[in-house]
Amino acid sequence: MAQFFDWLPDSPIVSFTILLLVTLTVPPIFERFRLPGLVGLLASGVVLGPDGLGLLNTDSETMKLLSDIGKIYLMFVAGLEIDLENFRKTKERSLGFGVATFTIPLIFGVILGKTFNFDWNTSILIGSLLSSHTLLAFPIVSRLGVVENEGVTVTIGATIFTDIAALLVLAICVSIHGGEFSAVSLAVQLATLVIYSVIVLLGFDWAGKQYFRRTGDEQSNQFLFVLLAVFLASVGAQVINVDKIVGAFLAGLAVNDVVGRSPVEEKIEFLGSALFIPFFFVDMGLILNVSGFISSLSSELLLTLGIVGALIISKFLAALTAKFLYRYDWNETLTMWSLSLPQVAATLAAALVGKNVGLITDSVFNSVIVLMLVTSILGPVLTAKFAPRLNVPNSLIETNTGLNIWYTDTENLYLGLELEEVDNTSNDRFNIVVPVCNPHTEKYLIEVGALLARNQSGKVIPVSITKAHLNMDEPSLNTSLRRSKQLLLKASKIGQEFQAQVKPVIRIDDDIAQGICRVAREENASLIVMGWSKTDSFQARLFGNIIDSVFYSSHCPVTVMRLTKEPNNISRILVTVKNITSHSLRIIQFALLFANINQAEITLLHVCPRVTTEGQVALFEAELASYLQNNPSNTEPVIQIIRNDDVVGTVSNKAFSYDMVILSSIRRRTAGGLAVSDLTTEILKELDSSLILFGEPNPV
C-alpha cells in the first residue's frame, strides 16, 4: 500500500494538505456515531502513520512544528476558556474543591506508581496526570442553563487550581529528571517559576489592557498581539527550563480578562480548533505504536485498569468531600464528579512531555491514552444524566417579572449641563433601531419595528450606514448617501402607514456594525431588529459578520428576523424554552410583546430528556407558570412540555403548525458567525416558516 503513494512528492505542503483533509472529514464522521471527534483524529494518526499507510511521519520537521503549535494552542485555549468571573464569585469554595480534586487523585496516582515499582519521581508525575481535568462537558451544562448552579460554578473555578498545580508538578518532575536533585536546585526552580508566573500573569495582563485600549477596534493587530503573547510566554518557559505548555496555559489566564468575550477571542479559538489543535491529536496517533499499544495493554492490563480506576474513584471521593464540606445535594455532587472526570488537555500534553523526556514508560503513556478515551466519553454521558436534575435558581424568577426588561438608561448622560436644559422624555421610551440595507427585506423589518414601537408608545429608528472614505467628497460616497436616503425615505413611509413615530438616521462610519451600535446607544434603543443573512460561510466563520459584531458591541438585545409573511398575518407563535434563565425569560417577554400586537396565540415549548421524572416536569412547569402570573399582556401563553431525546425533530414537527418560531441565539464560545447552539443550528435547517433569533448583548 505504501508503494501506491510513492508518486506523492516529499514536501511539507503534502503533509499539510493531508492534515487539512483529515481535520475536515474525520471528526464529523465519528461524531455521527456519538464518539468524540478527537478519537477520530487519533485513529487517523494511526492509519496515516508508520503502522498504516506511512503518509505522515512524527519525526518530520513539519509535523514537529505543527504538533508543537497545536500543543501550545491546546493549553492556551484551556487557560483562555476558564471563566474568571465565575471563579471570583466562589473562589473560596472553588479553591477548596480544587485542592481536594487535585490532592486525592495525586495520592492515588503516587500509590499506584509505587505499587508497580516506579520511582518516586515517576509516581508523582503519574499522580499529577490524574489531578487535572478538562471541562469537556461544559457545553452540556451551558445548554441546560445550570451554569449558575453553585456546584457547576465551583467545578469550573477549580480548573484553574488543578491545571496550574498539575503543570507545576510536571515542571518540577522534569527538572529533577534532567539533572541531579538537590534542595537548593529545587528552591531555585520554584523561585524562578514564581517570578516567571508573576511576570506572565500580571505583566501580560497589564500590557494587553494597555494595547487593547490604545488600538480600539483594530482586531487584526489585537489578534497578532495575543498570538505573540502566547508564543513569547512559551519561549520564556523554555528559557527557565520549564516545558512550553506551562507558559501557554499561563498566557491564556493572563489575557483572559483582556480579550473577554470579544471577536478577537472567537478568532483565536477558531484558528486553534480548526487547524493546530487537531494537528496535535493526529500527531498523537502517529506516536502510537499499534503493536506495542496492544502488547502493553495485554501485558500491563492491570496498570491500565489501575490508572482508569484510580481516576474515577479519586475524583468521586473529591466530589464527596465537597458534598460534606459545603452541604451539596447528591445531584450537585454527581455533576461535579462527572465534570471533573475528562482528562484531555493538560493530561495529554503533560503525558507527551513525560514520554519525550523518558520520565514515563510507553505502557504508562498508552494507559493515559486509554484514560483519555474512556473519560472523554464517560464524563459527558454522566453529566448529561445528572445535570438536568440540578435545581434552577429561584432568584431568576424573582428578579425577572413584568415587561420592564429592556436596556433603557434613565440617567442624565449630558454631564455638566443643568437638568432643565436636557430633554429626558425619550430616555425611558421603547426605541427600536432597524438597520436597512436590503430593499427586499426592508419592508417587513420596518413593519415589525413600527408595530412594536407603536404598541409601546415608542419610536422606530431606521438606520442606514454608509462606509466612510478618506475624502468626504469622494463620488462613490455621494452615491452611497443617495442610496441611503432612498432606503430611509421608503422606511419612513412604511412606518407612517403603521402610525408609528419614525426618526430616520444616516451614519457615515468606518465600520457598519459599530455604526449600528453607536446609533443604538445614542438613541438609547431598547432593541435592534436586523434581517437574516447567511452565517455559515468560511469567511463569516473566520472573520465574523455584521450580525456577530453587533451582538458583541450592542448595549441592548438584538433580534435577527426571517419573515415569510406580513407581520400582521402572524397569528400563531412557537417559543422554544430550554431552561429558566434570565435570557430565556427575556425571550418569553419579547414573544408576549410581539403576540400582543396581533392578539396572536403563543405556545411555550420545553423539550426535556425522556429520563426526566414527572416531578421535575411538574417543578419546571410550576416555576414557569409562576413567572407568567406577572404577565400584564392580554395574551395567555400555553405551556407545553414534551419528553423526547430528539429535540430537533420534536421542535421541527411542532413548528409546522405555527406561523413563527422564536429561538435563542445566546452567545457561546465558538468560531465567528452568529453564535447559536448546535441544536438551534439544526432546527434552522429544518424550518421554512418565519423565525426570530433573539440574542443578548455580549456581557462585559
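Residues numbered from 1 in each chain as written. Predicted model: local features only at pLDDT ≥ 70, side-chain atom pairs only at ≥ 80, totals over all residues. Heavy atoms only, no water.

Caption draft 1: The arrangement of the overall build of the chain in detail. Scanning the chain from N- to C-terminus turns up 28 helices and 11 strands. With 700 residues in all, the chain has 55% of them scored as buried. Put simply, of all contacts in the chain between residues at least 6 apart along the chain, 81% involve residues at least 24 apart. In the form shown here, the chain has an accessible surface area of approximately 30900 Å², with 59% of it arising from carbon and sulfur atoms. (Helix = DSSP H or I, 4+ residues; strand = E, 2+ residues; numbered from the N terminus. Buried < 20%, exposed > 50% of the residue type's maximum accessible area, 1.4 Å probe, protein only. Contact = heavy atoms within 4.5 Å. Areas by Shrake-Rupley, 256 points an atom, 1.4 Å probe, with all protein chains shown as cover.)

Caption draft 2: Quick look at helix H1 (residues 12-32). In a regular helix each residue adds 1.5 Å, so 21 residues correspond to 30 Å; H1 covers 31 Å between its end C-alpha atoms and thus fits that length. Threonine 23 marks where H1 bends most, by close to 25°; the proline proline 27 follows one to four residues later. Those residues of H1 lying buried are Val14, Ser15, Ile18, Leu19, Val22, Thr23, Val26 and Pro27. (Expected span 1.5 Å × (residues − 1). Bend = angle between axes of the 7 residues up to and from the residue.)

Caption draft 3: Quick peek at the pattern of salt bridges. Going through the model one piece at a time under the given rule, you end up with 13 salt bridges. Among the ionic pairs, arginine 93 bridges to glutamate 150, the shortest N-O distance being 2.5 Å. Placement of arginine 93 in helix H5 (residues 91-115) and of glutamate 150 in helix H8 (residues 150-178) is noted, with a sequence separation of 57 residues between them. Taking the relative accessible area as the measure of exposure, arginine 93 reaches 31% and is therefore partly exposed. A relative accessible area of 30% means that glutamate 150 is categorised as partly exposed. A salt bridge links arginine 507 to aspartate 509; the nearest nitrogen and oxygen atoms lie 3.8 Å apart. (Salt bridge = Lys/Arg side-chain N within 4 Å of Asp/Glu carboxyl O.)

Caption draft 4: Examining the packing of H1 against helix H2 (residues 37-48) more closely. Closest axis-to-axis distance for the H1/H2 pair is 8 Å, and the angle between their directions is 130°. With respect to their mutual orientation, H1 and H2 come out oblique. The two elements H1 and H2 meet at a crossing, and its hand is right-handed. The residues of H2 that touch H1, namely those facing Ile18, Val22, Thr23, Val26, Pro27, Phe30 and Glu31, are Gly37, Val39, Gly40, Leu41, Ala43, Ser44 and Leu48. For the contact of H1 with H2, the class distribution of residues is 9 nonpolar, 4 polar and 1 charged. (Axes fitted to C-alpha atoms, helices over the stretch in contact; angles between N-to-C directions. Parallel < 35°, antiparallel > 145°, perpendicular 65-115°, else oblique. Left-handed = near helix turned anticlockwise from the far one by under 90°. Nonpolar A, V, L, I, M, F, W, Y, C, P; charged D, E, K, R; others polar.)

Caption draft 5: Spotlight on the nonpolar core. Formed by 116 residues in total, the largest nonpolar core has its most connected members in Tyr73, Phe76, Val226 and Phe281. The contact partners of phenylalanine 281, leaving out residues within four places of it in the chain, are Leu38, Leu41, Leu42, Val344, Leu348 and Met372. Ranked by size, the runner-up nonpolar core spans 48 residues in total, among them Val434, Ile446, Val448 and Ala500. (Core = buried A, V, L, I, M, F, W, Y, C linked by side-chain atoms within 4.5 Å.)

Caption draft 6: Quick peek at the pairing of strand E5 (residues 527-531). In terms of burial, E5 is a largely internal element, 4 of the 5 residues being buried. Relative to E5, strand E1 (residues 431-435) is paired through 2 bridges, and the arrangement is parallel. Residue valine 433 lies in a different strand from E5, and its bridge partner there is isoleucine 528. (Pairing = 2+ DSSP bridges.)

Caption draft 7: Representation of the environment of leucine 341 in the model. Structurally, leucine 341 is set in the loop between helix H16 (330-339) and helix H17 (345-356). Placed 27 residues apart in sequence, leucine 341 and serine 314 show a C-alpha to C-alpha distance of 9.7 Å. In this structure, leucine 341 is in contact with Leu311, Ile312, Lys315, Thr375, Leu378, Gly379 and Leu382, ignoring residues within four places of it in sequence.

Caption draft 8: Quick look at the side chain of glutamine 343. If you trace the backbone, glutamine 343 turns up in the loop between H16 and H17. What makes glutamine 343 buried here is its relative accessible area of 0%. A distance of 3.5 Å separates a polar atom in the side chain of glutamine 343 from the backbone oxygen of serine 340. Of the polar contacts made by the side chain of glutamine 343, one reaches the backbone oxygen of leucine 341; its length is 3.1 Å. (Polar contact = N/O pair within 3.5 Å; in protein donor to acceptor, adjacent residues only side chain to side chain.)

Caption draft 9: Local environment of the packing of aromatic side chains. Under the definition given, this model contains 11 aromatic pairs. Considering the side-chain rings of phenylalanine 16 and phenylalanine 279, the 5.8 Å spacing of their centres and the 80° angle between planes classify their relative orientation as edge-to-face. Note that phenylalanine 16 is positioned in helix H1 and phenylalanine 279 in helix H13 (residues 263-287), a separation of 263 residues in sequence. Taking 6.3 Å as the distance between ring centres and 80° as the angle between the ring planes, the aromatic pair formed by tyrosine 73 and phenylalanine 76 counts as edge-to-face. Here phenylalanine 76 and tyrosine 73 lie together in helix H3 (residues 61-80), a separation of 3 residues that amounts to about one turn. Each of the two residues, tyrosine 73 as well as phenylalanine 76, counts as buried. When the ring centre of tryptophan 330 is taken as origin, the NZ or CZ atom of lysine 323, which lies over that ring, is 4.7 Å away. (Phe/Tyr/Trp six-rings, centres within 6.5 Å; stacked < 30°, edge-to-face > 60°. Lys NZ or Arg CZ within 6 Å of the ring centre and 35° of its normal.)

Caption draft 10: The arrangement of helix H21 (residues 475-497) in detail. Between its terminal C-alpha atoms H21 stretches 34 Å, which fits the 33 Å expected from 23 residues at 1.5 Å a residue. Looking at H21, one finds that the buried residues are Leu477, Ser484, Leu487, Leu488, Ala491, Ser492, Ile494 and Gly495.

Caption draft 11: A look at a nonpolar patch on the surface. Nonpolar side chains collect at one region of the surface, where Val194, Val198 and Leu202 lie side by side and expose about 280 Å² of accessible area between them. Following the sequence through the fold, leucine 202 ends up in helix H9 (residues 183-215). (Patch = residues over 30% accessible without salt bridge, like charges linked within 9 Å, V, L, I, M, F, W, Y side chains within 5 Å.)

Caption draft 12: Here's a closer look at the confidence of the model for the chain. Within the chain, residue pLDDT values average 77, and 81% of them lie at 70 or more. Averaged pLDDT values for the elements of the chain fall to 38 in helix H23 (residues 538-543) and rise to 90 in helix H15 (residues 301-326). Scored below 50 in pLDDT, residues 667-677 makes 49 contacts in the model with residues more than four places away or belonging to other chains. (pLDDT = per-residue confidence, 0-100.)

Caption draft 13: Local environment of unusual backbone geometry. Non-glycine residue asparagine 117 carries a positive phi angle of around 65°. Inspection of the secondary structure assignment puts asparagine 117 in the loop between H5 and helix H6 (120-129). Of note, the phi angle at glutamine 499 is positive, near 55°, even though the residue is not glycine. Assignment of secondary structure puts glutamine 499 in the loop between H21 and strand E3 (501-502). Look at glutamine 499 and you get exposed, because its relative accessible area is 66%.

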